[in-house]
Every structure is written in C-alpha cells, then in structure tokens.
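Secondary and tertiary structure notes
Each chain, written out:
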Amino acid sequence: TVLPGLLAYPVACRLLASLCPDADPINTNGFVAMAQPSAESTYLGKMPAGFGMIAALHGDLDTGDGVGKVYYRQDASPATLRQAAEQINRAFPEDDEPEHAVVVTWVDVASRQHHDHSRGDGLEKQLVIASAETTSYAILLYPRKGMQFASTAVGGSSQAMQAGFSKGLVNYLVFSTRQGPYYRITTERETSVRALAEETNSGKRGVWVYEIGTSPYFTSVAPGEVTDLPPDTGLESRVSEEATSKRYPGGGQQVTYSPYEPEEEVYRKEQPHQGPHHGGQFTVHTVQYQPQVVVVDDGDINVDVFSYNSETCANNRNKCSTFADCKDYASGYCCHCRPGYYGNGIQCVSEGKPQRMNGKVNGRVYVGNSPSPVEFNSNDLHSYVVANDGRAYVAISTIPARLGPSLQPLSALGGVIGWAFALEQPGYKNGFSIIGGEFTCQAEVTFLPAQEKLTIKQVFSGIDEHDHLVVSTTLEGRVPEVLRGSTVQIEPYSEIYQYSSNLITSSSTRDYTVSLDDGSAETRTYQWRQTITFQSCPNDEAARAVLPTQMLSVDQVFVMYDSNNELIRYAMSNKIGDVNGEVTSQENSCFTGRHGCDTNAVCRPEQGTQFTCQCAAGFTGDGRSCYDIDECREIPLACGEHSVCNNQPGTFRCECNDGYQFASDGHTCIVDRPVDHCAAGSHDCDITERAHCSYSGGSSYICSCLPGFQGHGRVCQDIDECQSARCHQKAVCYNTQGSFTCQCRPGYYGDGFYCSSEHTKSQCETHRDRLLGSTEYGPQPVPGQYVPTCDSQGAYEASQCHGSIGHCWCVDRNGLEIPGTRTGPGRGRPLCIEQGPTVHVYPLPPGTHLLFAQSGRIEFVPLEGYNMKKTEAKTVLHLPEKVIIGVAYDCVEKMVYWTDITSPSISKANLQGGGAIPVIRSDLESPEGIAIDHLGRTLFWTDSMKDRIEVASLDGTKRRVLIDTNLVNPRAIIVDPVNGNMYWADWNRDAPKIETSAMDGTNRRVLVKDDLGLPNGLTYDPQSSQLCWADAGTHMIECMNPAQGDRRKAMGAIQYPFGITSHGKNIYYTDWRRDAVIMVDRQAGTETDVFLPQKQTRLYGITTAYAQCPSGKNYCAVNNGGCTHLCLATPRGRSCLCPNNALGVSCVESEGGRF
C-alpha cells in the first residue's frame, strides 16, 4: 500500500548525516530526524510531527545516568547486508537486495517518568535503513523482552508511544504550510504498541519492513506484504542476550557488532572538517542534541537482530506434532519427527504412506488474445502422491472448454506438490522433510516468445483433521491458446532448488509439444521462476545443515484435459538428488521407485541393491501387501468418555459427542458451553482494521476480510488496487490500506475515476461565484458582502472570515458556521478542525438509473428501456475512505440514502447537487440493508452487529426498534409500502432464512428457510408481486409470490451475488467475484448483459432510481395517517407508533387499524 509524497530519502545511506545534513539526526526519544526537531512539547505523543522523521517508537524517553544508550553506524559488510536482504525479500519477494545500510539501536532506554528503572527493564528497538540501487527500506525490529512499557508521560497524562513516518509541514499555497503526508504504524492505543513485538508485515514476528522511496522521486511508503505468521513454535523475535551482555567499563551496556572497515570517507562530527577517516573503527563520541545525549558508535558492535526468544519445551511441547519430540537447545527449542515419520516437527507424516491434498483454485486467466478472462471461483483441486516412488497426481475440476486445453502445459501447477513428496536420493531431502506442510509458493511463468505471463500463488496451510494437506491456489495472468482437440506432451526436465534459512528459490526452462488435430505439431517453451517462503527452527544448527542446492528431476509427465467432465489432470514422477544428476553404477530400487512395495509401505535400502518393504505406521502386512489397522476395534479405550472413535487409513481420530468439546489438553471431552468469541475477543481473525468477526451461533464464528483486503479472514492483506488501472486515464492512483484514491491530473476535473477538462463547480465554488456576481470587468463582490473561500479541491476552507467586520469562524463541510467558534476583530482566525474528505456529488441526469455502491462511491448506469447504457455510466457520489454497503432511493425528493460501516452511519445526499447530510450517527454498529417508504416518508434498516431492524423518519428522528429477537445476521431489507409489507433476509450460516412482517413489525413469519445458503440480496417487483433473492451460497436467483409461495429458480450458476434490484422484466445484481453489475431476463432465466465499472473492486448494494415514483397510495401518504409521530403501513391499514426515546413527549399509539 502506498501513501503519496511522504518522504524524500537518499538512495544510498552512505553516511547517516546525509539524512539530515543540517542537524544531528539520531534522537534518544526514539526517532531519526529528517530536519531539525522542534521543541519536545510540540511533538511528544503526536504522529505526525511538524518535522520529518522516521519514528521507531518515540515518546518521552531518557538515557541519563549512563543507563540506556543509543548506537548507530553505517555498514556495507556482506553479513549485515545479507541479514537485511533476508528481511526485505521475505516482505517483498520480488525486490532488489540492498547495497548499503545504516543501523540504529536503542538499548535499555527508560521512560523519563520511570527514570529509576533497573538495567534490563528498559526499551529496546532497532532501525535499519537499507538502500538498493533504486529503492530504500526501513526495517524495524521490536524484541519481546525489549517492550517493557508502551506509553510515556506527556503533559501530565500517559500516552501511547508512536511509530511511523512523517514528512512534516509542507508549503501550501503561497505563504502558508500544512501537514504533509504521513504513515502511522501504531494508533493511540497501547495495544497497537505491544502488537509490534507480536505481529509482523514481513513474515517474522516483531520484524516490520517498509519501502520508503523509489528513485528518483521517493514519493511513497509501502508496508511489507507478508502479514501472516509462520506456525507458532514459540520462538519470538529478539535482540540476543549475548549481544547486550558485554558491559562498558563505566557500567553502561555495549551492543557489539563485528568489526567494520569503512569503505567510504567518514568525517568526525566534533569539528567541521578534519579530512577523510580511513580504515580502523569509528571512535565512540557524544553528539549534543539538547536536551538529549546520543552515544554514537561504529566500532565493535554485533547485535543479532534476526534471532529468536529463548523458550523451552516445558511450555511448548504441545506445539509439536503428535508424532514428534521436543528438544531444548541453548537458544530455544525445536520439534523433531520421530523415527518412521518425516517433516519439520510441527508437521509429521508417516514414511511410505500416500499423501492426499485438497484445496481450492481462485483467480482469472486470459486465453490468447481474448479480452475477457476465465474466472476461477473455488474450483476443487485434489492431489494424490505415492510417496514411496514419488509419483504425483493432480486434478482440477470445472475447467471450461475455452480454457482447459490451454492449461495442459502447466503441469507446474502440481510441481511444488511433486517437490514436497519427491523420492529422496541418498543424502537428500524432499520439501516436506525440510519445511513441513505450511509454506507459501509464489511462481511466475513466462511463455516464449510472446511473453505472456501467469502468476501462481499456492498457500499450503498444513494438515487438516482428515490427514489431508490443505492448499489454496490463485492464478492471475494470460496463457497462450492451445486449440481444442490438441494434445500436449511435456518433456522431462530438471530444476535446481537453492535453500536458505527461510527461503527457497528455483527456476527452469521447460519445453512442450502441442499436437494438433491435423497431425501437425509444434514445440513451445516457457520459463519458470519460483520462490518458497517458510519458517524454520533456527535453534538446531545441525537440522539446518541442508545442502544449499538440490536438483528435482521430473519425468513421465502426463497431461490431459477431459472436456466431457471439465477436468484437467496432471501426473509426474519426481526425484530429489544431486545437482549433477550423479547416480551409482548399481542403483538400489528404493531410489528408483521400482521396488514393488505396497503403496502404504516404505522401501528400506540395504547393502548394495538389496532392500526390504516395511508397512507404514498404522498398517500391517509383509510390506508387499499392507492392510489398515483398525485401532478403534483393537484398542477399546483409544478414546475417552463422551467421545467416539473413528478409524481412518493408517490412523484414528477421537470426536466428542454432541454437546461436548475438547478441553485444553486436546483429549478430554467436556460439556460444551457456547462462547461468543467475537464479543470475548478470543477469536483468531485478523485485526479489526483488516477483518470482521461474525458470531454464527454456539461457539462458532466466521472471519471475513474487510473491503479492500483479501484473504481468508484470519490473515488479510491489502489489495493494491492501483495495479489494475482502476483510475481514469487522466488521473493518478494512490493506494492506501484497504482502499485507494484517484486524483485527476492538472488541468482535469473530477473524482479521479472520471476526469474531464470541463470543470464542474463544487458547492463552495457555486456559493462563492453566485455572491461575486459578474461585471464587464469580471467577477466583483458586492461591497461589505461576505464571500466564502474555497480550497484547491473546491471545498470550504475550515475557517472563514468576513473582511468588512473582522470576524472569523469555523464552518462544516457544507459551509455552515459551527456555533461557538466566532472570533472578533483583531483576535485572528480560530483554530478549526479539518472536516475530512470532501464529499463530491455530481447531478444525476433525467431518466431511470441503476445506483450501486462500490466501496467509497455510488455510481449510476442509465437505463434505456430495460437496457443498461454502459458508456454513459459515471460516479454520482464520492466518499473517500468510506465503505458503503446499502443504497436506497427516495423518488419524491430525489435523494439517495446509504449505510456506511466505517463510521458507522446512515447518510443522504440530493442527487441534483449538494453535499452529504448525516441522518443517523449514533447507536449503530454495522448498518447494512436500507429501504425507503416514499409514501409514509420513513427509513428502514438492518444492523448485523446489533441484530435488529429499525425505522426512523427520513431526517433520522422518531427512531424505533421494530424487531430485535431471533436475528443473527440480518442484511437485505425491502418494503412494499402499497401493501404494508416488509421483507428481510438473515444469512445466518446455521439457519439462513427470509422473513416478512407488516411494516410495523407485527405478524412476523418465515417465508423461506429450506435450501438457502447465503441470501444476500432482496428485491420486490410491485407490478408482478414477485419477491426475488440472490443467494451466494446456492449460486442462484430465486423468486416467489409471497402470498402464494410458488418458489421457482430464475437464474442458476451465478457466482457471488450481493445486491439485487428489479425493473420490469429484468433483474440486476452485483457480483463480488466478477466485480460487475449483471442483467438477467427474469422470464427467460438468461444473463443478457454485464457492466464492468472502471474501478474493479467489490460492488455492494444496488437499487433502481425511478424517473417517476411508482403509482400507489397507503394510509400514511396523507397527513401522516393522522399519527402524531411514526406512521407505518400495514396490510390492514396503518399503525401509529412512538419513537423509543419518546419519554416526556406527547405521543399516541394505535396499532393496525384503519381510520
């Protein structure tokens, strides 16, 4: 994710002084300054600061009395650069390696309020600024034992320390300045500070990597891309004990690095210039930086910032596999598979036992020159490996015929699986033996000669409860076309694997032959480059002594596309061995795979060519024939009380009876007491800024990534929308966490998604120009008249002044004065708070339109008859940094209403022009569905966190809860004002349903509860009396007449619908997988058109904005139905209801009767 215009760093950090040429840059308060810092009172407890800084973790810190110290040095030694490159490449797998580095270390620094601390209980952290040829990086390291406190005293109160990047004040207009761009790593909460030692963006706990500039402009800060942690082995990032144990003679502590011989000219700081300092080590000297003192050392320093915390097996034995032992080492512990099993100790499988893999395939692939991709939507992937001969089989289902033949060359989809379980030659190990079953493989395929590229990302997440390895595959890119009916033959190939502690790379060139129907054939080639990242155990040096290179040999490659069953199949034999391919003159059959052992047996080599076959654990027999042992029958007490034993091939599993769950020991079954882990905070979803936890009954919950992030909910990564050309061609794209913004280039106007050379005036500009008037000499203000000032984006300036009377005041985003902010003559401008992003509303042209929500915007597509005029689609409302879920349209006042889950809030805007108007901003948690009764002038909505349905008048007053029982995940809601009915959908995964009631909440009943999956959207067509819903679980659109119950399928085989609306014979729905608005002929049951917005992100709610209100009346349409407050239509007439907050208000209720 990128923030524009943040910092201007040098490419090579050859001298730390170059970071801040006019001042000493290192500060004991925990930051590196890019300019002369201001007084402490102006920046402590604040981020961003008024000057440029890199804040490792800044607060009111102290190094007095020789207790804490700060060291820095410039370093280009190979060892340090290798360490930095390892962290950078883990966070940014494709980036360059650094050439120079600056290392800053804060050791045992105290909080000034606790200056009397003991040595060893202070704060420790480290900042490494590393520079490659074109890019610089900041590596921040936070050891657990060094995070002794998270806040310091500022202005008499305790405030959390801050980490991040700030450009400081920048020039604005001509004579003023304003805060420049910044990037915050922490928030105002102490939990965000403590999380620095527990989480990561680089794949290693406590290590955070940021790209902080790209030559020659240095205009961005981008965080690392690997936020998921490896398997928790209890080994945490730390600054090693050895590194901080060597004492200064004076009682302080010295951090030691290996001796460094400077290659650059180095100047001492005591004098302006003494000439170059060559050779030897830097002397220790003090730099005065009032009132701080920084000890700078570039001598014998050797802090190992990339090691782990020491923990023992006593508290972590359960983190090893059931088939592994735990062993303590001097620096921590490691897990080792027992004899008869292999793996990394965290994941162990039985030797000789066949291995099965299951997973899903997602993504999109273009074929040949086709402008439209073939999309994968959780296609099934299954794999089977005969481990004792290295034969691997892979099958992927539901591959359409226009793609299937062209995937045949990609046997590489099963390549990493073959490597993981390849037949091992003497002295060599396959992938699973080294790294286990939790790793990530990122590969790039380049087809020659046309340079088509395909990226393959496979995430292996370990062994599931069925002893199957779980893999998730994502495909993105383009492949050359292979014509239908063609066959593909892949020649044997070899691939060199290069190993380091947590990174494996490989590359190869592969040839394949395409044989066409006419008998002709051609040989083609593609290049393969692959990176595998994983987490190793660093404490056992002997276990890490894997050969730096090994060669995977692949032959007997078979590929086939089965068009009848839409299946692609791959098969191959895999061996791992010497890079030179050397073999002995007499090969043992165990190493060739030609041994004849049972598929559930391991081949044991003996002297010469002799061998024996031994059944794998959990099987019995002579090795040539092996049979499963039924442990449940032969070991009656294999499982304890309140449980059942289930036999499985080679093993067995215990499962608790209904109403019981496993205790913390993983074996004893105890009474299951439901826990709402979402409310308790005991869930394992990603942080709230990236993911949402949804309670689904019992002790179950669902993790889902927030819009703008991708993943399975437990780990969510930011989507870089700027990589997909989302903005207008005359705009610049800036990616942010969970979102992005588009800004029109100079000379163009608009919201960035649509830019034009014709400028549409904002509300402020219209207001200003109307008051200025026009004369033959140009616009001239009326003498004594107040004229508002607008900023460069057309928004009202936060502070406004009336020059004639000398008064100034603060205004909101609509230009209205904020009470209590006015100042008199001579008192200057008041301090006004910026009102946040400007809301841009662009007038809606005449006619009927579709309105749909897409993250922070509402767009429209004009309708001509029932067809979409896609070329005229535009943005009607732009709300940066918001996530709009539901939309509704009031045809009377031409207003659009929407729900926003980021605030959370409900707002409205006039589509003829004007700003956003808040309607409801309190007592909301996750407002989603929204509906308007244009006759009774009321607003209805669902809240999926509060689990209730509410109503209010259109201005947000007279608010009342209608339904708050038996709701789990209410989302879609619609009303039928003419007949007085309300409908809503609850997508509770355990019991999804569609319900109805009168609009006053009475006469509630379930309409549909069977054969539902994830009913996301609802629509009602008053002309045909058809209620239709879109279900992302069943992948169907269905309809029914609520009064008759005649349910029928309107459209099948859709992907992931969210919102739905209807107009005449057509249904229009938004789809998350296709990022599109799809038009369906409801009567024919066919898809008739697709609209792809320029911004390709998730689409949410959709509604129809009618040119004229639909015909019909209800009892609330005239004189509010005679009610004092809320008038709600019912099938029999209307109900008069009082708001929930009507205490002390004269309100009369009457329910359900006619008048």
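None of the values given here were measured: they were computed from a predicted structure.

Cut-off values and rules
- As a convention, each chain's residues are numbered from 1 in the sequence order in which they are written.
- Whole-chain, interface and lining totals are the exception, using all residues; otherwise, since this is a predicted model, local features are given only for residues with pLDDT of at least 70 and side-chain atom pairs are given and counted only at 80 or more.
- Hydrogens are left out, water is left out, and the side-chain values use all remaining heavy atoms of the structure.
- Helix numbering and strand numbering both begin at the N terminus, where a helix is a DSSP run of H or I of at least 4 residues and a strand a DSSP run of E of at least 2.
- Exposure categories follow from relative accessible area, calculated using a 1.4 Å probe and restricted to protein chains: below 20% of the type maximum is buried, above 50% is exposed, and the middle band is partly exposed.
- Whether two residues are in contact is decided by their heavy atoms, any of which lying within 4.5 Å being enough.
- Each accessible area is a Shrake-Rupley estimate made with a 1.4 Å probe; only the visible protein chains count as cover when residues are assessed.
- For this analysis, a salt bridge means a side-chain nitrogen from Lys or Arg found within 4 Å of a carboxyl oxygen belonging to Asp or Glu.
- For this text, the term disulfide refers to a pair of cysteine sulfurs within 2.5 Å.
- Should DSSP find at least two bridges between two strands, the strands are regarded as paired.
- For every element, the axis is a line fit to its C-alpha atoms; helices are fit only across the contacting stretch, and the angle between N-to-C directions ranges from 0 to 180 degrees.
- Arc definition: directions from the helix axis to the C-beta atoms.
- Throughout this description, the term nonpolar core refers to a set of buried Ala, Val, Leu, Ile, Met, Phe, Trp, Tyr and Cys residues connected via side-chain atoms within 4.5 Å.
- As a per-residue measure, pLDDT reflects the predictor's confidence and takes values from 0 up to 100.
- Under the pairing criterion, centres of Phe, Tyr and Trp rings, with the six-membered ring standing for Trp, must be within 6.5 Å; the plane angle then separates stacked pairs below 30 degrees from edge-to-face pairs above 60, leaving the rest tilted.
- Criterion for a charge above a ring: Lys NZ or Arg CZ within 6 Å of the ring centre, and within 35 degrees of the ring normal.

**Quick word on the overall build of the protein chain**
- Check the secondary structure of the protein chain and you find eleven helices and 83 strands.
- Looking at the protein chain residue by residue over its 1155 residues, the buried ones come to 54%.
- Long-range contacts, defined as pairs at least 24 residues apart, comprise 52% of the intrachain contacts of the protein chain with a sequence gap of at least 6.
- Surface accessibility of the protein chain: about 50,200 Å² in total, with carbon and sulfur atoms responsible for 48%.

**Some remarks on the pattern of salt bridges**
- Across all of its chains, the model carries 35 salt bridges by this definition.
- The shortest N-O distance in the salt bridge between Arg 510 and Glu 495 comes to 2.6 Å. Here Glu 495 lies in strand E33 (residues 493-499) and Arg 510 lies in strand E34 (residues 503-515), a separation of 15 residues in the sequence. Summarising the burial analysis for this pair, Arg 510 and Glu 495 share the class buried.
- Note that Arg 857 and Glu 859 form a salt bridge whose closest N and O atoms lie 2.9 Å from each other. The pair formed by Arg 857 and Glu 859 is uniform in burial state, with each residue classed as buried.
- Taken together, the shared-partner salt bridges in this structure form one network comprising Asp 923, Glu 925, Lys 946, Arg 948, Glu 950 and Arg 959.

**Some details on the state of the cysteines**
- Scanning the entire structure with this criterion turns up 21 disulfides.
- The side chain of Cys 639 participates in a disulfide bridge whose partner is Cys 654; the two sulfur atoms lie 1.8 Å from each other. Handedness of the Cys 639-Cys 654 disulfide follows from its S-S torsion of about -85 degrees: it is left-handed. A residue pair is termed long-range when its members are at least 10 positions apart, and Cys 639 in the loop between helix H9 (631-634) and strand E42 (643-648) and Cys 654 in strand E43 (residues 651-656) qualify at 15 residues.
- We classify Cys 639 as buried; its relative accessible area is 13%.
- The exposure class assigned to Cys 654 is partly exposed, which follows from its relative accessible area of 25%.
- Disulfide partner of Cys 678: Cys 693, at an S-S distance of 1.9 Å. What sets the handedness of the Cys 678 and Cys 693 disulfide is the S-S torsion sign, and at about -70 degrees it is left-handed. With Cys 678 in helix H10 (residues 677-680) and Cys 693 in strand E46 (residues 691-695), this residue pair connects regions lying 15 residues apart in the sequence.
- In this structure Cys 693 comes out as buried when scored by relative accessible area, which is 10%.

**Brief notes about the sheet that holds strand E77 (residues 1057-1063)**
- Here four strands make up an open sheet; going across it, the order is E77-E78-E79-E80 and the pairing antiparallel. Both edges of this open sheet fall to E77 and strand E80 (1086-1091), since each of them pairs with a single strand only. For this sheet, the mean inter-axis angle between neighbouring strands, taken without regard to orientation, is 25 degrees.
- Sheet topology note: the strand E79 (residues 1076-1081)/E80 ladder contains five bridges and is antiparallel. Residue pairing across strands places Met 1079 opposite Asp 1089, the latter belonging to E80.

**Side note on unusual backbone geometry**
- With an omega of 5 degrees, the peptide bond running from Leu 448 to Pro 449 counts as cis.
- Summarising the element assignment, Pro 449 is placed in the loop between strand E29 (438-448) and strand E30 (452-463).
- The omega angle of the peptide bond from Ser 903 to Pro 904 is -15 degrees, so this bond is cis rather than trans.
- The phi dihedral of His 642 is positive, around 60 degrees, even though this residue is not glycine.

**Structural notes on the pairing of strand E38 (residues 601-605)**
- Pairing analysis gives five bridges linking E38 to strand E39 (residues 611-615), with the strands arranged antiparallel. The residue of E39 that forms the bridge with Cys 603 is Cys 613.
- Between E38 and E39, which pair antiparallel in sequence order, lie five residues; one of them, Gly 608, sits at a positive phi of approximately 65 degrees.

**A short note on helix H11 (residues 763-772)**
- Three or more residues of H11 are buried, namely Cys 764, Glu 765, Leu 771 and Leu 772. The buried residues of H11 occupy an angular sector of 135 degrees when projected down its axis, which confines them to one face.
- Phi turns positive one or two residues past the end of H11, at Gly 773, with a value near 70 degrees.

**Some details on the pairing of strand E8 (residues 135-141)**
- Counting buried positions along E8 gives seven out of seven residues, so the element sits mostly inside the fold.
- Burial of E8 is two-sided: the residues Thr 135, Tyr 137, Ile 139 and Leu 141 facing one way and the residues Ser 136, Ala 138 and Leu 140 facing the other way are all buried.
- Where strand E7 (residues 123-131) lies against E8, six bridges are found, and the strand directions are antiparallel. Looking at the pairing, Ser 131 lines up with Ser 136 of E8.

**A look at the environment of Ala 392**
- Within the element layout of this structure, Ala 392 appears in strand E27 (residues 391-396).
- Take Ala 392: its relative accessible area is 0%, and that puts it in the buried class.
- Ala 392 has contacts with Tyr 384, Val 385, Gly 418, Tyr 570, Ala 571, Met 572 and Asn 574, leaving out every residue within four places of it along the chain.

**What about the sheet that holds strand E69 (residues 970-976)?**
- Read across the open sheet, the four strands follow the order E69-E70-E71-E72; overall the sheet is antiparallel. A strand with exactly one partner marks an edge of an open sheet, and here the two such strands are E69 and strand E72 (1005-1008). Between one strand axis and the next, the sheet turns through 30 degrees on average, direction left out of account.
- Pairing analysis gives three bridges linking strand E71 (residues 993-998) to E72, with the strands arranged antiparallel. Within E72, the residue paired with Glu 995 across the bridge is Val 1006.

**Some thoughts on the nonpolar core**
- By size, the foremost hydrophobic cluster in this structure holds 63 residues, and its most contacted members are Leu 403, Leu 410, Trp 419, Leu 454, Ile 532 and Tyr 570.
- Core analysis: the second largest hydrophobic core is formed by 35 residues, Ile 26, Met 34, Ala 160 and Ile 212 among them.

**Quick notes on the environment of Ala 952**
- Mapping Ala 952 onto the fold places it in strand E67 (residues 948-953).
- Relative accessible area serves as the criterion here: at 0%, Ala 952 is assigned to the buried category.
- Separated by 15 residues in the primary sequence, Ala 952 and Arg 937 place their C-alpha atoms 9.0 Å from one another.
- Setting aside chain neighbours within four positions, we find Ala 952 in contact with Ile 920, Thr 938, Leu 939, Trp 941, Thr 957, Lys 958, Arg 959 and Leu 1126.

**Let's talk about the side chain of Thr 440**
- Looking at the element boundaries, Thr 440 is found in strand E29.
- In this structure, Thr 440 is in contact with Lys 457, Gln 458, Val 459, Thr 531, Ile 532 and Thr 533, ignoring residues within four places of it in sequence.

**Notes on the confidence of the model for the protein chain**
- This prediction gives the protein chain a mean pLDDT of 79; 83% of its residues lie at or above 70.
- Predicted confidence for residues 232-310 stays below pLDDT 50, and this span has 220 contacts to residues more than four positions away or in other chains.
- Ignoring residues within four places in sequence, the model shows residues 774-778, a span with pLDDT below 50, making two contacts including any to other chains.

**Things to note about the packing of aromatic side chains**
- For the structure on display, the rule yields 21 aromatic pairs.
- Here Phe 165 and Tyr 210 contribute two aromatic rings whose centre-to-centre distance is 5.3 Å and whose plane-to-plane angle is 65 degrees, an arrangement assigned as edge-to-face. Here the residue Phe 165 occupies a position in strand E11 (residues 162-166), and Tyr 210 occupies one in strand E15 (residues 207-214), the gap between them amounting to 45 residues. The exposure classification of Phe 165 matches that of Tyr 210, with both residues buried.
- Following the ring pairs from residue to residue traces out a cluster consisting of Trp 419, Phe 439, Phe 460 and Tyr 497.
- Over the ring of Trp 528 we find Arg 510, and its NZ or CZ is 4.7 Å from the ring centre.
- Stacked on the ring of Trp 1072, the Lys or Arg Arg 1098 has its end atom at 4.0 Å from the ring centre.

**Here we look at the environment of Gly 340**
- Structurally, the position occupied by Gly 340 is in the loop between strand E22 (332-337) and strand E23 (341-343).
- Taking relative accessible area as the criterion, Gly 340 reaches 23% and is therefore assigned partly exposed.
- Separated by twelve residues in sequence, Gly 340 and Gly 352 place their C-alpha atoms 8.7 Å apart.
- Every residue in contact with Gly 340, bar those within four places of it in the chain, is listed here: Val 349, Ser 350, Glu 351 and Arg 604.

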